[in-house]
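Reading the structure
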Amino acid sequence: MSKSPKVAIIDFDLGNLFSVAQACLKAGIDAAITTDPKAVAAADALILPGVGGFPKAMESLNRRGLVAPIKDAAATGKPIVGICLGMQLLMESSTEFGSTPGLGLIEGSVVKLPEIAGPNDRNLPIPNVGWSPVAPVRNGLPWKGTPLGETAPGAMFYFVHSFFVKPKRVQDELAQTAFGTTTICAAVGRDNIFGMQFHPERSGTTGLNVYKTIDRITRGQPA
């Protein structure tokens, strides 16, 4: 491409917008934070960040008229990357505070982390906060062409979450991590739609490399 692709960081009042914008800047991504449906529609790629509650996030997206341009972008093959809550919004529904429909870009649901016994006769704390290794779900080259395309299996990423996604299709699950004795989904991907439960913008050099790979994807270069 002769020009840098325009990337819209979608603002729905619950995103860790500044840190995502700074990571994009360091990675060389031409990104702008926006609440404008027209700007979202005109962008070459979308980043959907988020920290907070699923119902409030969907209410904000609907109220601001952002759902239609996000779905249109997905249908036309534009890269869309969801981060943390943004990844959960890609799913069909969430059980957080009842049942709430999501964007439905990837089949599956969002459920609360299970109660798992930890040390000192106490359950592991929820939300799950801290660093965890991320591993491929499948052998071979499962991450090729995704934002994790340059990430080494077992790389450490920073998580902050109380809920996690359960894709209906096994092939939509890119990566997994451990929460106590349970394996949970850490990343999803289908065609041009990607999601990460962890925060690459808070994961040091490894996370910055994820944003650099996102830049290559938006430029139509191998990832």
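This write-up is about the structure you can find in this document. (Residues numbered from 1 in each chain as written. Predicted model: local features only at pLDDT ≥ 70, side-chain atom pairs only at ≥ 80, totals over all residues. Heavy atoms only, no water.)

Comments concerning the state of the cysteines
All chains considered together, the criterion is met by 0 disulfides. Summary of cysteine pairing: cysteine 24 is not part of a disulfide, and the nearest cysteine sulfur, belonging to cysteine 84, is at 16 Å. On the basis of relative accessible area, cysteine 24 is assigned to the buried category, the value being 0%. A disulfide-free cysteine, cysteine 185 has its sulfur positioned 13 Å from the sulfur of cysteine 84, the nearest such atom. (Disulfide = S-S within 2.5 Å. Buried < 20%, exposed > 50% of the residue type's maximum accessible area, 1.4 Å probe, protein only.)

Considerations on the packing of aromatic side chains
Summed over all chains, the structure comprises 3 aromatic pairs. Seen from their ring centres, tryptophan 131 and tyrosine 158 are 5.7 Å apart, and the 65° between their planes marks the pair as edge-to-face. Of this pair, tryptophan 131 sits in strand β8 (residues 128–136) while tyrosine 158 sits in strand β9 (residues 155–161), and the two are 27 residues apart along the sequence. Judged by its relative accessible area of 47%, tryptophan 131 is partly exposed. Measuring from centroid to centroid gives 4.1 Å for phenylalanine 157 and phenylalanine 198, while their planes differ by 25°, and the two rings are stacked. Linking phenylalanine 157 in strand β9 with phenylalanine 198 in the loop between β13 (193–196) and α6 (204–218), this pair joins segments that are 41 residues apart in sequence. Of the two residues, phenylalanine 157 and phenylalanine 198, neither departs from the other in class, the shared state being buried. A connected cluster of aromatic rings, assembled from ring pairs, spans Phe157, Phe159 and Phe198. (Phe/Tyr/Trp six-rings, centres within 6.5 Å; stacked < 30°, edge-to-face > 60°. Helix = DSSP H or I, 4+ residues; strand = E, 2+ residues; numbered from the N terminus.)

Structural notes on the side chain of histidine 161
On the secondary structure map, histidine 161 appears in strand β9. Using a relative accessible area of 4% as the deciding quantity, one classes histidine 161 as buried. A polar side-chain atom of histidine 161 sits 2.8 Å from the main-chain carbonyl oxygen of phenylalanine 163. The residues contacting histidine 161, other than those within four sequence positions of it, are Leu113, Pro127, Asn128, Ile184 and Gln197. (Polar contact = N/O pair within 3.5 Å; in protein donor to acceptor, adjacent residues only side chain to side chain. Contact = heavy atoms within 4.5 Å.)

Some points on unusual backbone geometry
In this structure, proline 127 follows isoleucine 126 across a cis peptide bond, with omega equal to 10°. Its place among the elements puts proline 127 in the loop between β7 (106–112) and β8. Located in the positive-phi region is phenylalanine 97, a residue other than glycine, with phi close to 55°. Here phenylalanine 97 is to be found in the loop between β5 (91–94) and β6 (100–101). By relative accessible area, phenylalanine 97 is classed as exposed at 74%.

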